[in-house]
Amino acid sequence: MKLSQLALGAALAFGFVAGAAAQTVMKINISTAQTSHQGVGIDVFAREVEKRTNGRYKIQTFYNASLGSERESIEAVQLGTQELTLTSTGPVPNFVPETKILDVPFLFRDKAHARAVLDGPIGAELLTKFDAKGFKALAWAENGFRHMTNSKRSVNTPDDLKGLKMRTMENPVHVAAYKGFGIVTTPMAFAEVFTALQQGTVDGQENPLSVIIASKFDQVQKHLSLTGHVYSPCLFLMNKAAFDKLSPADKQAFLEAAKEGTKANRAKVDEDDAKGVADLRAKGMTVVETVDKSKFVAALAPVNAEFEKQFGKANLDKIRNYK
Ligand code: EAX
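Residues numbered from 1 in each chain as written. Predicted model: local features only at pLDDT ≥ 70, side-chain atom pairs only at ≥ 80, totals over all residues. Heavy atoms only, no water.

J.: Even after reading the chapter, I still don't get the overall build of the protein, so can you show me in this structure?
T.: Along its length, the protein carries 13 helices and 9 strands. Taken over C-alpha atoms, the radius of gyration comes to 22 Å for the protein, in line with the 20 Å a tight globule of 323 residues would show. Within the protein, buried positions represent 53% of all 323 residues. Across the protein, every contact between residues at least 6 apart in sequence was considered, and the portion connecting residues at least 24 apart equals 75%. For the protein, the computed accessible surface area is about 13900 Å², with 56% contributed by carbon and sulfur atoms. Separation of charge centres in the protein, based on 41 positive and 35 negative side chains, amounts to 1 Å. (Helix = DSSP H or I, 4+ residues; strand = E, 2+ residues; numbered from the N terminus. Rg over C-alpha atoms; globule rule 2.2 N^0.38 Å. Buried < 20%, exposed > 50% of the residue type's maximum accessible area, 1.4 Å probe, protein only. Contact = heavy atoms within 4.5 Å. Areas by Shrake-Rupley, 256 points an atom, 1.4 Å probe, with all protein chains shown as cover. Lys, Arg positive; Asp, Glu negative; His and termini not counted. Charge placed at Lys NZ, Arg CZ, Asp CG, Glu CD.)

J.: Whenever I open this one, the environment of S73 confuses me. Can you help?
T.: Considering the arrangement of structural elements, one finds S73 in helix 3 (residues 70-79). In the structure, S73 is positioned 49 residues away from I122 in sequence and 25 Å away in space, judged by C-alpha atoms. Of note is the side chain of S73, whose polar atom sits 2.8 Å from the side chain of N29. (Polar contact = N/O pair within 3.5 Å; in protein donor to acceptor, adjacent residues only side chain to side chain.)

J.: Explain helix 6 (residues 172-180) here, please?
T.: Each α-helix winds once per 3.6 residues, and so residues spaced three or four apart point in a common direction. For helix 6, the full list of buried residues reads V173, H174, V175, A177 and Y178. The elements touched by buried residues of helix 6 are strand 4 (135-150), strand 5 (165-168), strand 6 (184-187), strand 7 (204-207), strand 8 (223-239) and helix 12 (301-311). The opening residue of helix 6 is N171, an N-cap whose side-chain oxygen sits 2.9 Å from the backbone nitrogen of V173. Just downstream of helix 6, G182 is the residue with a positive phi angle, here 90°.

J.: Can you walk me through the pairing of strand 7 in this structure?
T.: Regular strands place side chains that alternate from one sheet face to the opposite one. Both faces of strand 7 are covered, namely the face carrying G204 and E206 and the face carrying Q205 and N207. Across 4 bridges, the pairing between strand 4 and strand 7 is antiparallel. If you follow N150 over to strand 7, its bridge partner there is G204. (Pairing = 2+ DSSP bridges.)

J.: Help me out: how do you make sense of the nonpolar core in this one?
T.: Among soluble globular proteins, nonpolar side chains are generally buried collectively. Core analysis: the largest hydrophobic core is formed by 45 residues, its most contacted members being L102, F108, F130, L161, F181, L235 and I319. Of all the elements in the fold, those that place two or more residues in this core are helix 3, helix 4 (111-119), helix 5 (121-128), strand 4, helix 6, strand 8, helix 12 and helix 13 (313-320). Residue contributions to this core peak at 5 residues, all from strand 4. Look past the residues within four positions of F181 in its chain and what remains in contact with it is F106, M148, P158, L161, K162, F296, A299 and L300. Counting residues in hydrophobic clusters, the runner-up holds 25 residues, among them I59, L138, M238 and L246. (Core = buried A, V, L, I, M, F, W, Y, C linked by side-chain atoms within 4.5 Å.)

J.: Would you explain the packing of helix 6 against helix 12 in this entry?
T.: The description of two helices packed together rests on the angle between their axes and the distance between the axes. For the pair helix 6 and helix 12, the least separation of the axes is 9 Å and the interaxial angle reads 155°. Of the possible angle classes, the one that applies to helix 6 and helix 12 is roughly antiparallel. Contacts between helix 6 and helix 12 involve V173, A176, A177 and G180 from the first element and V303, F307 and F311 from the second. Grouping the constituent residues of the contact of helix 6 with helix 12 by class yields 6 nonpolar, 1 polar and no charged. (Axes fitted to C-alpha atoms, helices over the stretch in contact; angles between N-to-C directions. Parallel < 35°, antiparallel > 145°, perpendicular 65-115°, else oblique. Nonpolar A, V, L, I, M, F, W, Y, C, P; charged D, E, K, R; others polar.)

J.: Please explain the site of the ligand as it appears in this structure.
T.: Residues in contact with the ligand, as listed here, are S31, T32, Q38, E70, S88, N143, R146, R167, M169, F190, N207 and V211. Contact between the ligand and Q38: an oxygen atom at 2.8 Å from a side-chain N or O atom of the residue. In this structure, an oxygen atom belonging to the ligand sits 2.9 Å away from a side-chain N or O atom of R146. Bound to the protein, the ligand loses 99% of the 260 Å² it would expose on its own. Here the shell around the ligand is composed, by residue class, of 3 nonpolar, 6 polar and 3 charged. (Near = heavy atom within 4 Å.)

J.: Honestly, the environment of A124 in this entry has me stumped. Any pointers?
T.: Counting through the fold element by element, A124 comes out in helix 5. A sequence separation of 164 residues divides A124 from V288, and the C-alpha atoms of the two residues are 36 Å apart.

J.: When you look at the pairing of strand 6 in this model, what are you seeing that I'm missing?
T.: Sheet topology places strand 5 next to strand 6; 4 bridges connect them, and they run parallel. Across the sheet, residue T168 finds its bridge partner in strand 6, namely P187. Running through helix 6, the crossover from strand 5 to the neighbouring parallel element strand 6 is right-handed. (Right-handed = clockwise from strand over helix to strand, strands pointing away.)

J.: What is the right way to look at the packing of helix 2 (residues 37-52) against helix 10 (residues 248-282) in this model?
T.: Between helix 2 and helix 10, the shortest axis-to-axis distance is 7 Å and the interhelical angle comes to 150°. On the basis of their axis angle, the class for helix 2 and helix 10 is roughly antiparallel. Considering how the two elements wind past one another, helix 2 and helix 10 form a crossing that is right-handed. Contact residues: H37, Q38, V40, G41, V44, F45, E48, V49 and R52 in helix 2; A253, F254, E256, A257, A258, E260, G261, A264, N265, K268 and V269 in helix 10. Residue composition of the contact of helix 2 with helix 10, by class: 10 nonpolar, 5 polar and 5 charged. (Left-handed = near helix turned anticlockwise from the far one by under 90°.)

J.: Help me out: how do you make sense of the packing of aromatic side chains in this one?
T.: Geometrically, a pair of aromatic rings is defined through the distance of the ring centres and the angle of the planes. Counted according to the given criterion, the structure contains 11 aromatic pairs. Measuring from ring centre to ring centre gives 5.9 Å for F181 and F296, while their planes differ by 75°; the resulting arrangement is edge-to-face. On the criterion of sequence distance, the pair formed by F181 in the loop between helix 6 and strand 6 and F296 in helix 11 (residues 293-299) is long-range, its members being 115 residues apart. Residue F296 is classed as buried on the basis of its relative accessible area, which comes to 1%. Three or more aromatic residues link up through ring pairs in this structure, and these residues are F45, Y57, F236 and F254. (Phe/Tyr/Trp six-rings, centres within 6.5 Å; stacked < 30°, edge-to-face > 60°.)

Right, dumping it as structure tokens:
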């Protein structure tokens, strides 16, 4: 072999090794479809990480709970067997109990209020609570205001909820609140919900319009009521050790990519909220657009008294009155 050939071989071999070493591949997943508000969020996140690190980090995206349910994925991120996940905060209190306060029904007036709280000092402080549990919480994102669907009847007043068997998230605050409405609660991972609705294991479920649309629940549910009973945040979560290994500039890149992902994700929630009702009616659902919220709030008075004891009225008021 000529010297020049040897040099070329060495350069190729070195180039290959250096190239392989220079790109770190990480995984992120969601429980909903790629077309969903969450899918848009992680697709933008992946693109922005690659762009901002000049391709040194590649983010592989997985949809439809193909890597596991939200609870399983949070666990995997905590253990470090998976680097990243975008999840609703539904199962998060099992890991970081401080987030539970956000699940209190009728806490937020509207999306602008919720986003302001999460993007402000209250949200920032909550994000720091993840560090001690093995996570780096990169940013809040959004699932949206949750609404009730079922196969039995139109829900106009809280009385209409009595006796309905509904799937809930694996979240203690939700379960307590929905029991307060007289709902028969069945906590279940999201991936099982479509089949449970189809087979009639449960009568209904509750989720934001974005999730109802992306998951085609109109195929297995007749009635939708815009109860907006609870706001559902999402979170970009990363394994803490994986984050700590990044250079300062790359840390910044991941944080900014998550912010960009959130922007796209919230824009899609807004689009779904604007078009969702017409879309779901066209697919055959009966939609109650306006309910008397004060009646739903009143029905939860005993449960709310419990929540005020548990979380402290001052803490709840701090969120309620945040401007
Ligand atoms: O994150 O479990 C749920 O109902 C969630 O809202 C859904 O998985 C989207």
